[in-house]
Amino acid sequence: MRLKQAVRQATGLSCSIGVAPNKLLSKICSGLEKPDGLTVLDPVEIPSRIWPLPVRKINGIGPKATDTLAAMGIITIAGLARAEPILLKTHFGLSYAEWMLRAANGVDERPVITRADPKSISRETTFERDLHPRHDRAVLSGVFTALCSRVAQDLMRKGYYCRTVGIKLRYDDFRTLTRDRTLPVPTADPAVIRRAAGECLRHVPLERKLRLLGVRTSTLTSSAAPDTADQSGQRELALGTTGTGANRREAARGN
DNA sequence: TCTGGGGTCCTAGGACCC
DNA sequence: TCTGGGGTCCTAGGACCC
């Protein structure tokens, strides 16, 4: 209640809170008495308060899994908790099936983490009208370069370098595809990112109109350990002589 | 309920290494 | 020289979340 008061004082907003033995149950509980709710769950109440809920309430079970479960006759969390493990496994694979069963039984051992480094940084945009790769080439090229610049700015502002650069395309029929390339050396340089993204673009069909274009960077390292151009040359050489997989593959591709 | 812009995690195949 | 097992990295796509 003090937390709710503090939020209201700081923001003027109400909030709903779930107090439970773990993150999974807290998340479910936080939604049970919206708006301005405060739900406290004792583990012994799992059968009475959690099991009657639809499976969709579990954070991690989305539209697809909900549909598949419904087709198996499983609607509630109770039904999921009782489900035959082998049956779940055939539909969802071992690890997701095991996770589902644990979740349905209120088991969740994940630690609370309040801060984590990002895994990827990206920018994307949907056009006001679908653009054709050939007829609207100039516009697309400008947008593409701008996206690369914004991603590079984001990287620099947040203090990261990326080693993998990728693109995302959505066609006018809503099909989405991605391509990515991994660089030998981490970078936050807009020109290097633009070149790598352009390379990705060459490996994609460009006959249809495009609805969306995006640029993504991943395999991030923090600013603590960037390679300067000079050092990277030496590092390349050293890797070449010791023979890591990555370096040999680069060599095989003619880099 | 749909769309948009940002993310995370998982799976799977291929290439390559020891 | 070949085969096999175990492992990593890269790439692509899908499900899911806010």
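Note that the coordinates shown come from a computational prediction; the quantities given were computed from them, not determined experimentally.

Details of the protein's contact with DNA strand C
By nearness alone, 19 residues border DNA strand C, and Gly60, Lys64, Arg163, Asp180 and Thr182 come closest of all. Restricting the count to atoms of DNA strand C within 4 Å of the protein gives a sugar and phosphate share of 100%. Within the contact set of DNA strand C, a phosphate oxygen lies 2.8 Å away from a backbone nitrogen or oxygen of Gly60. The backbone of Pro63 places a nitrogen or oxygen atom 3.5 Å from a phosphate oxygen of DNA strand C. Contributions of two or more residues to the surface near DNA strand C are made by α4 (63–71) and β5 (176–187). Among the elements that take part in the surface near DNA strand C, β5 stands out by supplying six residues, more than any other. Along the lines of polarity and charge, the residues of the surface near DNA strand C split into five nonpolar, five polar and nine charged.

Remarks on the confidence of the model for chain A
Looking at chain A, pLDDT values average 86 and 87% of them are 70 or higher. Low confidence marks residues 226–255, where pLDDT is under 50. Its contacts with residues over four positions away, or in another chain, come to 17 contacts.

Description of the sheet that holds strand β4 (residues 160–171)
In space, the four strands of this open sheet follow the order β3-β6-β4-β5, with antiparallel pairing throughout. Edge positions in the open sheet fall to β3 (120–131) and β5, since each of these has one partner strand only. Averaged over all pairs of adjacent strands, the angle between their axes in this sheet comes to 15°, without regard to strand direction. Two elements, β4 and β5, share eight bridges in a ladder whose sense is antiparallel. Bridged to Val165 within β5 is Arg181. Along the sheet, helix α9 (residues 190–201) contacts β4, β5 and β6 (210–222); its crossing angle with β4, the most-contacted strand, is approximately 40°.

Concerning α9
Along an α-helix, residues three or four positions apart point the same way, because every turn accommodates 3.6 residues. If you check α9, its first and last C-alpha atoms are 16 Å apart, about what 12 residues at 1.5 Å a residue would give, namely 16 Å. When we look at burial in α9, the residues that qualify are Ile193, Ala196, Ala197, Gly198 and Cys200. Those residues of α9 that are buried lie in contact with α8 (137–158), β4, β5 and β6. Here α9 starts with a cap whose side-chain oxygen sits 2.8 Å from the backbone nitrogen of Ala191, and that cap is Asp189.

Analysis parameters
- Residues numbered from 1 in each chain as written.
- Chains lettered and ligands numbered in written order.
- Predicted model: local features only at pLDDT ≥ 70, side-chain atom pairs only at ≥ 80, totals over all residues.
- Heavy atoms only, no water.
- Near = heavy atom within 4 Å.
- Polar contact = N/O pair within 3.5 Å; in protein donor to acceptor, adjacent residues only side chain to side chain.
- Helix = DSSP H or I, 4+ residues; strand = E, 2+ residues; numbered from the N terminus.
- Nonpolar A, V, L, I, M, F, W, Y, C, P; charged D, E, K, R; others polar.
- pLDDT = per-residue confidence, 0-100.
- Contact = heavy atoms within 4.5 Å.
- Pairing = 2+ DSSP bridges.
- Axes fitted to C-alpha atoms, helices over the stretch in contact; angles between N-to-C directions.
- Expected span 1.5 Å × (residues − 1).
- Buried < 20%, exposed > 50% of the residue type's maximum accessible area, 1.4 Å probe, protein only.

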